[in-house]
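Coordinate analysis (summary)
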Amino acid sequence: MKKHVLMAVLPLLAWGCGDATDADNDGVADGIRDPNNVSVVVPSTPKGTVSGQVLSTTLQPIADVSVAMTIGSQPTGKSATTDGSGNFVMTDVPAGAQVLLTFSKGGYSTLRATSTVPSAAGTVPINNGNASFGPVTLTQLNSSLSVTVVTPQGRPAVGAKGVLEVDKAGSVILSNYDSVSSVISKVYVEATADANGVLNFTGIPSGVELARLNGTYSLWIAPMDTNGDGVVDTGGYTKSYSGGSIVGSQATTLAQLSFSKPTGAGALNIEGGNVSSLKGAAEVDPLRNMVRPGEPIYVYFNQPVQPGSVFVRLTDEYAKESLPVTAAVNVGGYSATITPGNGIVQEGKEYNIFVRAVAAEGGSNYSRTGFFFGGDQSAPRAVTIAELRYQELSLPPAIAATQLNPGETVYVNFSAPIAKQVGQSVQVFFATDIDNNGTMGGNSFGELNNYSGQGFPLEINEPTKPYQTRTPAELPVFGIQASGYSTRYSFVYGGTVALNPSQTRLVVGFSNLAPVLGTNDVYESIWGQPINTDLESTNIALQPAPTPAP
């Protein structure tokens with residue numbers, strides 16, 4: 001039934017039976033079962049339906065696949081199980097929600113994908129809010145891969161430790177979502193070489209299945225202490241193979257380890273670790289620079305380093321003081337474990353790290369400053385305003401101190417670092433009369449609910465050094481690197497009257513920002529979550545005016 005027909009019968013159906021209501025948000029008036037002959041009620045909170053199908057790489061349906069949905073940063077989600085045709089359905093999903101779907105079944109690869117439910121969900125006509133996800137394909141974990149490892153001298157590398165990464169082990173073929181921002185399906189398997197030097201990786205997708213997905217196998221073998229004297233005497237080994245290259249034989253070429261001190265290794269560098277801003281080709285994505293509280297920082301060098309040469313310094317976002325940290329060199333100098341002091345790394349905080357090391361051979365030096373964030377990649381947190389603070393200026397005697405005066409800077413400190421991705425700056429509004437015209441809002445620029453909708457632009461004020469409390473200003477403990485994310489933003493108060501900061505309420509109008517370039521991510525947290533809800537706080541703390549240093 002078309003929309004204008006439904007609207008035409010609405011008055012006739014409502015007559016004699018009271019106002020139509022829809023308490024369960026299904027788009028049909030309560031008490032009616034036939035949607036073709038009833039009033040349609042626009043839900044107050046639009047909801048939609050997410051459905052899809054899970055298939056093998058040969059496009060056969062897979063039953064009993066668990067589908068778990070995480071909706072934004074909500075603590076609880078939804079779940080479903082595929083039927084005999086591989087189909088699943090989840091209802092009552094908020095329109096415009098950012099969701100994470102996880103597909104899992106024993107004996108198959110796991111796939112995770114994030115996307116956004118259409119904003120049209122739940123509007124008339126019925127069912128135009130349905131979102132079809134997929135089809136999703138998963139590989140079977142029913143194959144194996146053997147690698148023969150030998151020492152630099154050509155003998156079986158008994159006890160060699162290897163890791164095999166399979167990427168990609170699944171795919172999303174298509175989707176009518178607004179956008180699918182990321183799809184991850186990887187398999188990791190560890191193995192230890194037997195008496196013949198053979199690493200046998202089991203429980204992985206076959207080369208045939210991986211070839212269908214254009215996937216790869218990536219092999220890493222750790223350096224070894226072959227004679228047991230406590231000194232690493234071989235290098236490691238890395239290589240990637242396409243699924244198509246091993247179809248049929250199901251075997252890789254011989255993996256021969258190199259000597260521990262490679263000749264001509266070039267400049268010392270960090271090739272990997274959980275803080276990717278320290279790598280030679282630095283990666284600045286927050287999710288690649290996130291350390292869980294209590295977790296060490298791992299760095300892996302491209303060649304051995306001198307054990308006593310690794311020097312590490314650590315400080316927080318404001319670089320005011322050095323934080324306790326220790327470093328231990330492992331695996332014959334190929335890696336180092338950096339351990340911050342107990343309780344130092346906290347969720348939602350940004351840290352700066354400086355690492356220096358000297359190569360074991362040739363004297364090549366490595367020196368770099370990076371950054372990382374405290375938090376768990378899989379557990380995003382909602383962002384709130386942690387503190388408001390204004391910078392008191394040195395004022396003439398006629399102007400009262402301890403008040404927020406025109407021209408003073410107000411700092412808005414969030415509970416976790418955020419960044420503006422695209423588009424206009426978010427506006428800040430005062431919930432009070434800042435121009436002394438006797439009313440709030442109306443024609444008053446910067447006041448909440450004013451006609452123009454204009455407030456004070458809030459811009460990033462990422463620290464490069466501590467808050468200034470003296471003249472000359474304090475210096476950072478070491479030069480820090482900007483990440484593009486910060487807990488600290490600021491604006492200049494442009495009202496015409498001084499305000500009592502302890503009684504002033506501010507509203508940061510994230511909900512007023514329109515999507516730009518087809519995305520809702522105008523501002524996002526370090527977890528990649530968009531911020532589109534207004535945040536507010538009361539009581540602006542005082543940052544005293546700088547005083548001359550003693």
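Keep in mind that this is a model prediction, so the values were computed, not measured.

1. Examining the side chain of S185
Within the element layout of this structure, S185 appears in the loop between strand 11 (180-184) and strand 12 (186-192). In this structure the side chain of S185 is engaged in a polar contact, spanning 2.9 Å, whose partner is the backbone oxygen of T110. Residues within four places of S185 in sequence aside, it is in contact with S109, T110, L111, V166, D167, K168, A169 and G170.

2. Considerations on the nonpolar core
If you look at the biggest cluster of nonpolar residues, it comprises 37 residues, and the most contacted ones within it are F414, F430, L458, F491, F510 and Y523. Within the residue set of this core, elements represented by two or more residues are strand 24 (365-374), strand 25 (385-391), strand 26 (409-420), strand 27 (427-430), strand 31 (486-492) and strand 32 (505-508). The contact partners of F491, leaving out residues within four places of it in the chain, are E408, T409, V410, V412, V428, F430, F456, P457, L458 and L506. With 25 residues, the next largest nonpolar core counts V149, L199, I204 and Y217 among its residues.

3. Re the layout of surface pockets
In this structure, the second largest pocket encloses a volume near 440 Å³. At the level of secondary structure, the elements contributing two or more residues to the lining of the second largest pocket comprise strand 23 (350-358), strand 25 and strand 26. Of the residues belonging to the lining of the second largest pocket, the class tally is eight nonpolar, five polar and seven charged.

4. A word on the pairing of strand 2 (residues 66-71)
Side-chain alternation along strand 2 places V67, M69 and I71 on a buried face and S66, A68 and T70 on a face that remains uncovered. Bridge count for strand 2 against strand 3 (residues 78-81) is four bridges, and the pairing is antiparallel. Looking at the pairing, V67 lines up with A80 of strand 3. Here strand 2 folds back onto strand 3 in antiparallel fashion, the turn holding six residues, of which G72 has a positive phi close to 55°. Alignment of strand 2 against strand 5 (residues 98-104), held across six bridges, turns out to be antiparallel. Along strand 5, the bridge assignment pairs S66 with S104.

5. Details of the pattern of salt bridges
Under the defined criterion, the tally for this structure stands at seven salt bridges. The residue K279 makes a salt bridge to E283 at a minimum N-O spacing of 3.4 Å. By relative accessible area, K279 is classed as buried at 17%. Taking the relative accessible area as the measure of exposure, E283 reaches 26% and is therefore partly exposed. One salt bridge connects E347 with R381, and the closest N-O pair in it is separated by 3.2 Å. Here E347, found in the loop between strand 22 (335-340) and strand 23, pairs with R381, found in the loop between strand 24 and strand 25; they are 34 residues apart in sequence, far enough to count as distant. The class for E347 is partly exposed, based on a relative accessible area of 34%. Residues joined by salt bridges that share partners form a network here, namely K279, E283 and R288.

6. Some points on the sheet that holds strand 32
Pairing within the open sheet is antiparallel, and its four strands lie in the order 28-27-32-34. The open sheet is flanked by strand 28 (456-457) and strand 34 (535-538), the only strands paired with a single partner. Relative to strand 34, strand 32 runs antiparallel, the two sharing four bridges. Looking across to strand 34, one finds that V507 is bridged to E536.

7. Remarks on unusual backbone geometry
Here the amide bond leading from D167 into K168 is cis, since omega sits at 10°, within 30 degrees of zero. Within the secondary structure, K168 sits in the loop between strand 9 (161-167) and strand 10 (170-172). In this structure, the amide linkage connecting T471 to the following residue, P472, adopts the cis form with an omega of 0°. Inspection of the secondary structure puts P472 in the loop between strand 30 (470-471) and strand 31. Phi angles above zero are rare outside glycine, and N449 is one such case at about 65°. Residue placement: N449 occurs in the loop between strand 27 and strand 28. On the accessibility criterion, N449 (62% relative accessible area) is exposed. Although it is not a glycine, N539 sits at a positive phi angle of roughly 80°. Within the secondary structure, N539 sits in the loop between strand 34 and strand 35 (540-543). Judged by relative accessible area, which is 44%, N539 ranks as partly exposed.

8. Some details on the pairing of strand 21 (residues 325-330)
Note: strand 21 against strand 22, six bridges, orientation antiparallel. The partner of A327 across the bridge, within strand 22, is I338. Here strand 21 folds back onto strand 22, and the loop between the two strands holds four residues, one of which, V331, carries a positive phi near 50°.

9. Quick notes on the environment of Y300
Along the chain, the position of Y300 falls in strand 19 (residues 297-301). We classify Y300 as partly exposed; its relative accessible area is 43%. Separated by 31 residues in the primary sequence, Y300 and V331 have C-alpha atoms spaced 9.6 Å apart. Residues contacting Y300, with those up to four places away along its chain left out, are N269, I270, E271, G272, G273, Y334 and S335.

10. A short note on the side chain of E350
Its location among the elements puts E350 in strand 23. Despite being buried, E350 has no salt bridge partner; R488 is the closest side chain of opposite charge, sitting 10 Å away. For E350, the side chain forms a polar contact with the side chain of S483, separated by 2.8 Å. Leave out the neighbours within four places in its chain, and E350 touches D316, E317, F371, F372, F373, P417, E462, S483, Y485 and S486.

11. Thoughts on the packing of aromatic side chains
Counting across every chain of the model gives 19 aromatic pairs. Pairing F414 with Y489 gives two aromatic rings, centres 5.7 Å apart and planes at 80°, and the pair type is edge-to-face. Of this pair, F414 sits in strand 26 while Y489 sits in strand 31; the two residues are 75 residues apart in sequence, bridging distant segments of the chain. Residue classification places Y489 among the buried positions, given a relative accessible area of 2%. Ring centres 5.8 Å apart and planes at 15° place the aromatic pair F456 and F491 in the stacked group. In this pair, F456 is assigned in strand 28 and F491 in strand 31, connecting sequence segments 35 residues apart.

The rules behind each value
- Residues numbered from 1 in each chain as written.
- Predicted model: local features only at pLDDT ≥ 70, side-chain atom pairs only at ≥ 80, totals over all residues.
- Heavy atoms only, no water.
- Helix = DSSP H or I, 4+ residues; strand = E, 2+ residues; numbered from the N terminus.
- Polar contact = N/O pair within 3.5 Å; in protein donor to acceptor, adjacent residues only side chain to side chain.
- Contact = heavy atoms within 4.5 Å.
- Core = buried A, V, L, I, M, F, W, Y, C linked by side-chain atoms within 4.5 Å.
- Buried < 20%, exposed > 50% of the residue type's maximum accessible area, 1.4 Å probe, protein only.
- 1 Å grid on protein atoms, 1.4 Å probe; cavity = no way out; pocket = protein on both sides within 12 Å on 5 of 7 lines; lining within 4 Å.
- Points joined across faces, edges and corners; volume = space filled by probe spheres on them.
- Nonpolar A, V, L, I, M, F, W, Y, C, P; charged D, E, K, R; others polar.
- Pairing = 2+ DSSP bridges.
- Salt bridge = Lys/Arg side-chain N within 4 Å of Asp/Glu carboxyl O.
- Lys, Arg positive; Asp, Glu negative; His and termini not counted.
- Phe/Tyr/Trp six-rings, centres within 6.5 Å; stacked < 30°, edge-to-face > 60°.

Coordinates in, geometry out; function isn't part of it.
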